[in-house]
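The residues making up each chain are set out below.
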Amino acid sequence: MPAAVLLQANAGALTNFEVLDFFRARGASKDPTRVIAKVAQSEYKVYDYLVNSPACSQSRQNINEFLEKVKKYDLAKAEILSVLNTRPAGPVDLFAIIEDCEARFPDEVLQEIIELVKKTLPPPPVEMDPEEIPDGNEETATLEHKGDKITEDQNEDEEEMDQGDEISEDQNDDGEQMDTS
Amino acid sequence: MFYLSRVEHTLPLPPPLLNLPIREAMHMELEKLFLDKVIAKFGLCISVYDIRSIEGGYIFPGDGAPSFTVVFNLVMFRPFVGEIITAKLLSSTKDGLRLSLGFFDDIYVPVHMLPIPHDFVEEPINSYENDSKKGKWVWKYDEGQELEIDGIDEIKFRVQSVSYPPIPVEQPKESKPFAPMLITGSLDHDGLGPVSWWPDAEDIEEEQE
């Protein structure tokens, strides 16, 4: 079989947001089941990384606005890309991103760039929200499944355990089944 | 960090997939071939972005499947030298740090690329795993001020080099598993290191003044 031929190694750089958008378009989500979408396991690892990066709250409008306004600072393409991907929060972060930073930009300009980033690119949402409300249906579904499993185990072991509130319904059902059998 | 690369490849399409629309079938085959694989010099293939053209469909003598020539775009992970990437700490040993992006784990920060002056604090030797190599790296950035790399925060690093070691003919025993793509990172610059080291730029500037 002939080997793959690389026609163009660099057909264009993608920002983190574009890659994330590509996965989202194919149905990747934080949904814990992860079976329905046509996204491979290795792709989900990338998705997980991107969802926890500043790219998660960006949108095409934000980015276009930022690109328009950042033009006057004459940054290199790779530098703009890095700014979009890392969303620097202070001038110190820019030192690392921008080459020869101190010679090219005075402190005030750096502060201006930071202000621009803060204004146009939305901050990543504060974490620690594992119980998202929109996913409520799926969560309860999984809880019910867990409930089933627990009750099954209990039937097998015939142990008397303290029963949680969420699983009481299932246990009533199972209890009735046990009476009839 | 991510790039599109255009690739042309001739591959047979197995008969069980012939009942599917050709693009869909080809997409599946390409994913099987390229996903999560490193192509030397071009990086780690993340995903098949799109298929530009499919040509051919000839059945070669002795083959049990039609062969197609496909031109498609791949999403490649290929960091450029000097890029700043946020990663998580995977392990911390005497030889330096190993960082992970979740989908890519072969990022090493050697000792000489840690912020200077630095120091290594060994963990008490565990009687079960008898290697004393694990521990914490500390940056002594000021008199009496120590900042440690503890793996709680995400770590920003600068890409120092990306290398694609050749596949070894024979793997020496007890060596670490072969990695087709290695990133060497550096923390020795303002703004790099654990995110908590640079809480708010203004505070630090005031301290310096």
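Residues numbered from 1 in each chain as written. Chains lettered and ligands numbered in written order. Predicted model: local features only at pLDDT ≥ 70, side-chain atom pairs only at ≥ 80, totals over all residues. Heavy atoms only, no water.

- Going by what an unreviewed UniProt entry lists, chain B is known as DNA-directed RNA polymerase subunit and is assigned to Crotalaria pallida.
- Taken directly from UniProt, the Subcellular location (unreviewed entry) text for chain B runs: "Nucleus".
- Under the heading Function (unreviewed entry), UniProt records this for chain B: "DNA-dependent RNA polymerase which catalyzes the transcription of DNA into RNA using the four ribonucleoside triphosphates as substrates." (UniProt positions renumbered as here; feature names shortened; annotations may be inferred.)

- Going by what an unreviewed UniProt entry lists, chain A is known as DNA-directed RNA polymerase III subunit RPC9 and is assigned to Crotalaria pallida.
- Looking at chain A in UniProt, the text filed under Sequence similarities (unreviewed entry) is "Belongs to the eukaryotic RPC9 RNA polymerase subunit family."

### Side note on the interface of chain B and chain A
Part 1: Across the boundary between the two partners, chain B contributes 44 residues, which contact 40 residues of chain A.
Part 2: Counting every contact that joins chain B to chain A gives one salt bridge.
Part 3: Glu31 of chain B is paired through a salt bridge with Arg26 of chain A; the nearest N and O atoms lie 3.2 Å apart.
Part 4: Between chain B and chain A we count six residue pairs in polar contact (both at pLDDT 80 or more) in total.
Part 5: If you list the elements that add at least two residues to the side of chain B that touches chain A, you get strand E1 (2-12), helix H1 (22-34), strand E3 (43-58), strand E4 (67-77), strand E5 (84-93), strand E11 (155-163) and helix H2 (201-208) of chain B.
Part 6: Among the elements that make up the side of chain B that touches chain A, the one with the highest residue count is E1 of chain B (11 residues).
Part 7: Of the residues in the side of chain B that touches chain A, the class split is 24 nonpolar, eight polar and 12 charged.
Part 8: Sheet topology places strand E1 (residues 5-14) of chain A next to E1 of chain B; six bridges connect them, and they run antiparallel. Considered in E1 of chain B, the bridge of Leu6 of chain A is made with Val7 of chain B. (Contact = heavy atoms within 4.5 Å. Salt bridge = Lys/Arg side-chain N within 4 Å of Asp/Glu carboxyl O. Polar contact = N/O pair within 3.5 Å; in protein donor to acceptor, adjacent residues only side chain to side chain. Helix = DSSP H or I, 4+ residues; strand = E, 2+ residues; numbered from the N terminus. Nonpolar A, V, L, I, M, F, W, Y, C, P; charged D, E, K, R; others polar. Pairing = 2+ DSSP bridges.)

### Examining the packing of helix H1 (residues 16-25) of chain A against helix H2 (residues 41-51) of chain A
Residue and element names in this part refer to chain A.
Part 1: Remark: H1 packs on H2, axes separated minimally by 10 Å, with the N-to-C direction vectors making an angle of 125 degrees. Our classification of the angle between H1 and H2 gives oblique. Of the two possible hands of crossing, H1 and H2 adopt the one that is left-handed. Counting all contacts with H1, which are made through Asn16, Val19, Leu20, Phe23 and Arg24, the residues of H2 involved are Glu43, Val46, Tyr47, Leu50 and Val51.
Part 2: Each residue belonging to the contact of H1 with H2 can be placed in one class, and the counts come to seven nonpolar, one polar and two charged. (Axes fitted to C-alpha atoms, helices over the stretch in contact; angles between N-to-C directions. Parallel < 35°, antiparallel > 145°, perpendicular 65-115°, else oblique. Left-handed = near helix turned anticlockwise from the far one by under 90°.)

### Some words on the side chain of Ser47 of chain B
Part 1: Among the structural elements, Ser47 of chain B can be located in strand E3.
Part 2: On the basis of relative accessibility, which here comes to 0%, the residue Ser47 of chain B falls in the buried class.
Part 3: Here the side chain of Ser47 of chain B touches Arg26 of chain A through a polar contact of 3.1 Å, side chain to side chain.
Part 4: If we skip the residues at most four places from it in the chain, Ser47 of chain B touches Phe22, Phe23, Arg26 and Glu43 of chain A together with Leu35, Asn73, Leu74 and Val75 of chain B. (Buried < 20%, exposed > 50% of the residue type's maximum accessible area, 1.4 Å probe, protein only.)

### Brief notes about the nonpolar core
Part 1: In this structure, Phe2, Phe77 and Phe103 of chain B are the most contacted members of the largest nonpolar core, which totals 72 residues.
Part 2: Aside from chain neighbours lying at most four places away, what touches Phe77 of chain B is Met1, Phe2, Gly43, Leu44, Ile46, Leu101, Phe103, Phe104, Met181 and Ile183 of chain B. (Core = buried A, V, L, I, M, F, W, Y, C linked by side-chain atoms within 4.5 Å.)

### Re helix H4 (residues 77-86) of chain A
Residues and elements named next belong to chain A.
Part 1: Counting buried positions over the 10 residues of H4 gives eight, a clear majority of the element.
Part 2: Of all the residues in H4, the buried ones are Glu79, Ile80, Leu81, Ser82, Val83, Leu84, Asn85 and Thr86.
Part 3: At the exit of H4 stands Arg87, carrying a positive phi of roughly 45 degrees.

### Quick notes on the pattern of salt bridges
Oppositely charged side chains are able to pair whenever their charged atoms sit close together.
Residues and elements named next belong to chain A.
Part 1: Applying the stated criterion across every chain, the model contains six salt bridges over all chains.
Part 2: A salt bridge links Asp21 to Arg60; the nearest nitrogen and oxygen atoms lie 3.0 Å apart. Of this pair, Asp21 sits in helix H1 while Arg60 sits in helix H3 (residues 60-70), placing them 39 residues apart in sequence.
Part 3: We note a salt bridge from Glu43 to Arg26, for which the minimum N-O separation is 3.1 Å. In this pair, Glu43 is assigned in helix H2 and Arg26 in the loop between H1 and H2, connecting sequence segments 17 residues apart.

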